[in-house]
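A structural walkthrough
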Amino acid sequence: MPRLVLFNKPMNVLSQFTDARSPSPRATLSDFIDRPGVYPAGRLDRDSEGLMLLTDDGRLQARISDPKHKMEKTYLAQVEGAPDEADLEPLRRGLTLKDGPTKPARARLIEPPDLWERDPPVRFRKSVPDAWIEIAIREGRNRQVRRMTAAIGLPTLRLVRWRIGDWTLDGLAPGDWREIDA
């Protein structure tokens, strides 16, 4: 039976097990997960938080991370600005980034989610409003969600991946992980 690890990656942690080439080592998965033989199924930027899946099964890893399988990934994005539904239409239609057009995303405004405090906290500016958007994509380009929100004039302040396929962060605090049946 393949092993599957759900991990809530904190901010400023690399989505790899080593950082040997860096002159000043940074936090990696090995600082949190002691499960030999499991490898990340996809990546999450150092400045993003949330769900990462790790497995010891190459087929499962490909099914999770390869865009041709179109596994949906859902993100909660705190953005700078006060968008309305019309502002989200370009995300829903798909928009063109420097590396080409994106596929249409599911996007909706949400109430601020009940999340853990981030370390360091998001900079609060009294004169600049912010809002939360739930965005679901079936691609996985480098910094895609951040680039998509920036392209519509809503820079991302905080990004949390909440769901990959049917797996969610429910019950996992930052830095925590659990192994489940794949």
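Residues numbered from 1 in each chain as written. Predicted model: local features only at pLDDT ≥ 70, side-chain atom pairs only at ≥ 80, totals over all residues. Heavy atoms only, no water.

1. A closer look at unusual backbone geometry
Along the chain, Asp-119 connects to Pro-120 via a cis peptide bond; the corresponding omega equals 0 degrees. Within the secondary structure, Pro-120 sits in the loop between β7 (106-110) and β8 (130-137). Of note, the phi angle at Asn-12 is positive, near 70 degrees, even though the residue is not glycine. Residue placement: Asn-12 occurs in the loop between β1 (3-9) and β2 (39-40). (Helix = DSSP H or I, 4+ residues; strand = E, 2+ residues; numbered from the N terminus.)

2. As for the nonpolar core
If you look at the biggest cluster of nonpolar residues, it comprises 26 residues, and the most contacted ones within it are Leu-54, Leu-91, Ile-133, Ile-135, Ile-137 and Met-148. At the level of secondary structure, the elements contributing two or more residues to this core comprise β1, β3 (49-55), β4 (73-80), β8 and α3 (144-151). Among the elements that take part in this core, β8 stands out by supplying four residues, more than any other. Those residues in contact with Ile-133, other than ones at most four positions away along the chain, are Tyr-75, Leu-76, Ala-77, Val-79, Pro-83, Leu-88, Ala-107, Arg-108, Leu-109, Ile-110 and Leu-154. Within the second largest apolar cluster, 18 residues are counted, among which are Leu-4, Leu-51, Met-71 and Trp-167. (Core = buried A, V, L, I, M, F, W, Y, C linked by side-chain atoms within 4.5 Å. Buried < 20%, exposed > 50% of the residue type's maximum accessible area, 1.4 Å probe, protein only. Contact = heavy atoms within 4.5 Å.)

3. Re the pattern of salt bridges
The tally for this structure, following the rule as stated, stands at 15 salt bridges. The closest approach of N and O atoms between Arg-35 and Glu-179, which form a salt bridge, is 2.7 Å. One end of the pair, Arg-35, is in the loop between β1 and β2; the other, Glu-179, is in strand β11 (residues 177-181), with 144 residues separating them in the sequence. On the basis of relative accessible area, Arg-35 is assigned to the partly exposed category, the value being 32%. Exposure remark for Glu-179: the relative accessible area of 33% places this residue in the partly exposed category. A salt bridge links Arg-141 to Asp-99, with the nearest nitrogen and oxygen atoms 2.8 Å apart. In this pair, Arg-141 is assigned in the loop between β8 and α3 and Asp-99 in the loop between β5 (96-97) and β6 (100-101), connecting sequence segments 42 residues apart. A single network of salt bridges, built from pairs that share partners, joins Asp-45, Asp-47, Arg-143 and Arg-146. (Salt bridge = Lys/Arg side-chain N within 4 Å of Asp/Glu carboxyl O.)

4. Regarding the packing of aromatic side chains
All chains considered together, the criterion is met by one aromatic pair. Plain terms: the ring middles of Phe-7 and Phe-32 are 5.6 Å apart, the flat faces sit at 45 degrees to each other, and that makes the pair tilted. One end of the pair, Phe-7, is in strand β1; the other, Phe-32, is in the loop between β1 and β2, with 25 residues separating them in the sequence. (Phe/Tyr/Trp six-rings, centres within 6.5 Å; stacked < 30°, edge-to-face > 60°.)

Spatial relationships are all this shows, so hold off on functional conclusions.
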